[in-house]
Amino acid sequence: MKKVLLTATAAIVVSLTSCKKSENGNKSVLKSEESGVILADNGKVDSTIHYETDVNGKKYLKTNYVYKATDGSLVKVVFNYDEKTMSVRSNNKTFILNKVESKGNETIYEKMDMKATVKEDSLILDQGNNIIELVKTKI
């Protein structure tokens with residue numbers, strides 16, 4: 001938290017003390033593509049979301065998280081915002097679920113008998129009679 005605050009303060013100080021630029025700009029500098037503000041499903045700006053480029057140069061939006069179950073096991077979850085999918089990997093098995101609904105701060109993914117509800121830092125997997133509660137963690 002201190003690093004983020006220190007970095008933000010340094011960026012503000014540098015921008016305030018930088019020299020005045022002409023309105024024409026530097027013609028030899030290439031502009032990067034603007035991706036706009038990316039919002040998480042809870043309506044807030046998610047700083048973990050960013051564009052990545054694959055081998056063929058195609059841009060995509062993905063975010064990786066690690067969730068921890070109540071029994072202590074770890075699960076890797078990848079949100080693919082371009083394809084509107086979520087993949088859950090645990091015990092060398094990967095389940096890919098499709099986004100079906102998003103209500104403000106809650107998003108629901110489903111595929112066949114498996115349902116995942118994502119709300120802030122929690123993820124609830126529902127598969128038949130099994131309900132698994134997961135919490136986002138940092139490794």
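Residues numbered from 1 in each chain as written. Predicted model: local features only at pLDDT ≥ 70, side-chain atom pairs only at ≥ 80, totals over all residues. Heavy atoms only, no water.

Draft legend 1. Spotlight on the nonpolar core. Membership of the largest hydrophobic core comes to 16 residues, with the highest contact counts inside it found for Y67, F79, M86 and L123. Mapped by element, the contributors of at least two residues to this core are β2 (59–69), β3 (74–80), β4 (85–90), β7 (114–119) and β8 (122–127). Look past the residues within four positions of M86 in its chain and what remains in contact with it is V77, V78, F79, F95, I96, L97, Y109, A116, V118 and L123. (Core = buried A, V, L, I, M, F, W, Y, C linked by side-chain atoms within 4.5 Å. Buried < 20%, exposed > 50% of the residue type's maximum accessible area, 1.4 Å probe, protein only. Helix = DSSP H or I, 4+ residues; strand = E, 2+ residues; numbered from the N terminus. Contact = heavy atoms within 4.5 Å.)

Draft legend 2. Focus on unusual backbone geometry. The backbone of N91 shows a phi angle near 50°, a positive value even though the residue is not glycine. Within the chain, N92 stands out as a residue other than glycine whose phi angle is a positive 60°. Relative to the elements of secondary structure, N92 occurs in the loop between β4 and β5 (93–103).

Draft legend 3. Examining the side chain of E106 more closely. Position of E106 among the secondary structure elements: in strand β6 (residues 106–111). Taking the relative accessible area as the measure of exposure, E106 reaches 18% and is therefore buried. Those residues in contact with E106 that lie beyond four places of it in its chain are E101, T117, V118 and K119.

Draft legend 4. Up close: the packing of aromatic side chains. Summed over the entire model, instances satisfying the criterion amount to 4 aromatic pairs. Between Y65 and Y67, the ring centres sit 6.4 Å apart and the planes meet at 75°, which makes this aromatic pair edge-to-face. The pair Y65 / Y67 is uniform in exposure class, with both members buried. With a centroid separation of 5.9 Å and an interplanar angle of 50°, the aromatic rings of F79 and Y109 are classed as tilted. Residue F79 is located in strand β3, and its partner Y109 is located in strand β6; the two are separated by 30 residues in the primary sequence. Each member of the aromatic cluster is reached from another via a ring pair, and the members are Y65, Y67, F79, Y81 and Y109. Between K136 and the ring centre of Y65, over which it is positioned, the NZ or CZ distance is 3.8 Å. (Phe/Tyr/Trp six-rings, centres within 6.5 Å; stacked < 30°, edge-to-face > 60°. Lys NZ or Arg CZ within 6 Å of the ring centre and 35° of its normal.)

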